[in-house]
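Coordinate analysis (summary)
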Amino acid sequence: MSAEPILRLENVSKRFADFFALSEINLEIQEGEFLTIVGPSGSGKTTLIRILVGIEELTEGKIWLRNTRIEQLPANLRPTCMVFQSLALFPHRSVGENIEFPLKLRKQDPKRRRARANELLDLLHLPQSFYEKRIQECSGGERQRVALARALAFDPEIIFFDEPLSALDFRLRKDLEKELKDLHQRTGKTFVYITHSLEEAMIMSDRIAIMRRGRFEQIAVADEIYARPVSRFVAEFMGEVNLFDVEGTATGGLKGDGVEIYINAGDSGHLLNLSAGMRGVLVVRPETVRFMYPGETADFIVKGVLRAEYALGSRTQYKVEAQNGDELAVEKLREDRFLGQVGDQVMLGWNVEHTHMITEG
Amino acid sequence: MERQDRRIGFLSAAPIGLILLVSFLAPLLVIGIFSVMPQKVFSLLNIPDFSSYKLVFTKGYSKSLLWSFGMAMTSTGILFVICWPLAFGMAKVFKSFSLVITIAVVVTLFVSENIRLFGWVLTLMKGGLIEGHLRTWTGFTFEGALYNVPVIVFGLVYAYFPFMLFPLVQGIAMVPDDARQAASDLGASRWQVFREIDLPLSAPGIVIGGLLSFVLAAGAMAESKLLGGQTVIVIADEIETAFTYGQNWPLGSALSIILILIIGSLSVFGVSRVNLDLIMGGKRS
């Protein structure tokens, strides 16, 4: 990654009447990066991407593409393009004409256009006979590839994706996710992808930006976001998680509701360092929690009753009701599955290295 | 089951279908036969000759035809140009305000076309609304704006405005917004979006609007009579004259047949070029 970002956003805001769809967004996107913006619907991610390609106007802020301010440029003058959620293929044109569209606009010679379209068909694993095919005759996955080929034909600096895979069935989506990642590596282009599916984001991206209510909550590599979320929202958004409210004690330790804590100020490390009276949330992923058998010890222990067991194929998920009524999730690989039964009294434990703390002040 | 449904459907549609067919075909047939009768007869029981057609091509009726089609084409072209922006606004921009425009345009149709044209005569004539006021206020005078070809074209544009506007609105409403946005995102200027996306995707609406206003204008007579004061004689006028003053039904029939043939083939050609199912609510599959 080069030091100079390819795209830089400075305090970008978008207001609809008295509602802020985006509030003072700052973001730097590196050249050649695969950045995914994830957020629930209504978080402003689609608005953001539409502003970045120029289909919508921002209310305030600046956007730099390399060293050029582009926020006032109309979409057709920006060297970026977008793959729409609907794909927005032109129904009155053949597959080939769709792909060639940006080249035709540039008045490129028809022979060269056609050669380029065929190259792109190859790149996207579509047979060249598709050139003449009508869009209406293409399947969902094929249309997806045509839309991608059309975007690549434009040869943009950045390609934006507005949840293009959301309408496809599961298997096809999985295949295309991998293909997209592969395509990103082969073309070396900068990809900015938005989705509400975290899994999609994790599989494909270099970095993930979590968006909520028109702001970024956290921007980091997938693993960092998973292991060290900065907020309760991010922790919960990144899949199944167990959260415990805790408070720092006068002796430098921790106390929490429904969880027994067997660590001292000394061995908790700075990670769990809460001064007296400060509140925090412990983040514990279900796969790091284990069932304790007599004689074992752990830094954190919760006692409860096993309430349910779900087989997920390679993994098994358990719901445990803690003594204080909270529900906990535990996930084990199939070969490590718990040998007890629903209704059993169980003891759950995990260690400090698998625990992340969000301080809430 | 389906076959029986179809039979019942067919049977119940048969009476009205028959009436429609007869009432559409019978006059056409009568006119067709009259057009090959000898001059100035009032019976179909004569030896056919093609004297009427000969007359049409030798007596300068082609000039009237050309005037009719020329003015129809001009007014259709003008209508397209002035209706497009309004139709675009109604289909894509104005939202509920479109209804106000729709009602305003439809209300004009409640008054007979002739009466509205007389209104224009009173407005444009010497001593009328415009010239009269101008003369009173400034002393300046002119000959009024009536009795020329441009005012006839203006009349056609005015009279057939709704027939272009509403099909265009329908047509433009069918253009998906994201296709327009995608085109622009891929580098298309406004003009290129219009040419590459709007125009082809709203083609059904354009064809219907164009055909309606062209066909109506080509057969129109009131505009040239009232506003044009018969500066030029249009084909519909010739047909009327042949049937009435001229007492020459075969000639009128021959003129009608020629008009029907030209307009009919234009319509068939136009309609065959676009998928009309789309505008009737069918889906682009």
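Our subject in this report is the structure included herewith. Bear in mind the structure is a predicted one, so any value in this text is a computation, not a measurement.

As a further point, take the sheet that holds strand S20 (residues 355-359) of chain A. Residues and elements named next belong to chain A. Read across the sheet, four strands follow the order S12-S11-S14-S20 without closing on themselves; strand pairing throughout is antiparallel. Looking along the sheet, the strands with just one partner apiece sit at the ends: strand S12 (254-256) and S20. Shown here is a sheet whose adjacent strand axes are inclined to one another by a mean of 40°, direction ignored.

Strand residues, when the strand is regular, have side chains that alternate between the two faces of the sheet. Residues and elements named next belong to chain A. Covered by surrounding structure in strand S19 (residues 345-350) are Val346, Leu348 and Trp350 only, the residues Gln345, Met347 and Gly349 on the alternate face being uncovered. Note that strand S15 (residues 290-291) and S19 share two bridges and pair antiparallel. Looking across to S19, one finds that Phe291 is bridged to Leu348. Where strand S16 (residues 300-311) and S19 come together, six bridges link them in antiparallel fashion. Among the inter-strand pairings, Lys303 is bridged to a residue of S19, identified as Met347.

Let us now look at the sheet that holds strand S6 (residues 80-83) of chain A. Residue and element names in this part refer to chain A. In space, the six strands of this open sheet follow the order S6-S7-S8-S3-S9-S10, with mixed pairing throughout. With partners counted over all chains shown, the strands left at the sheet margins are S6 and strand S10 (215-220), one partner each. Put simply, the sheet's adjacent strands are angled 20° from each other on average, direction ignored. Examined bridge by bridge, strand S3 (residues 34-38) and strand S8 (residues 190-195) share five bridges and lie parallel to one another. Opposite Thr36, over in S8, you have Tyr193 as the bridge partner.

Let us look at helix H5 (residues 170-187) of chain A. Residue and element names in this part refer to chain A. For H5, with 18 residues, the first-to-last C-alpha span of 25 Å sits near the 26 Å given by 1.5 Å per residue. Looking at H5, one finds that the buried residues are Leu176, Glu177, Leu180 and His184. Taken around the axis of H5, the buried residues stretch over an arc of 115°, which confines them to a single face. Residues of H5 that are exposed and point more than 90 degrees away from the buried face comprise Arg171, Lys178, Asp182, Gln185 and Arg186. Buried residues in H5 make contact with S3, helix H4 (140-153), S8 and helix H6 (198-204). Directly after H5, the chain includes Gly188, whose backbone phi takes a positive value near 70°.

Turning next to the environment of Met73(B). All names here are of chain B. One can find Met73 in helix H3 (residues 61-93). By C-beta crowding, Met73 is classed as partly exposed, having 15 other C-beta atoms within 10 Å. In sequence terms Met73 and Lys95 are 22 residues apart; their C-alpha atoms lie 31 Å from each other.

Rules and cut-offs
Residues numbered from 1 in each chain as written. Chains lettered and ligands numbered in written order. Predicted model: local features only at pLDDT ≥ 70, side-chain atom pairs only at ≥ 80, totals over all residues. Pairing = 2+ DSSP bridges. Helix = DSSP H or I, 4+ residues; strand = E, 2+ residues; numbered from the N terminus. Axes fitted to C-alpha atoms, helices over the stretch in contact; angles between N-to-C directions. Buried ≥ 20, exposed ≤ 12 C-beta atoms within 10 Å, placed from the backbone. Expected span 1.5 Å × (residues − 1). Arc of directions from axis to C-beta. Contact = placed C-beta atoms within 7 Å.

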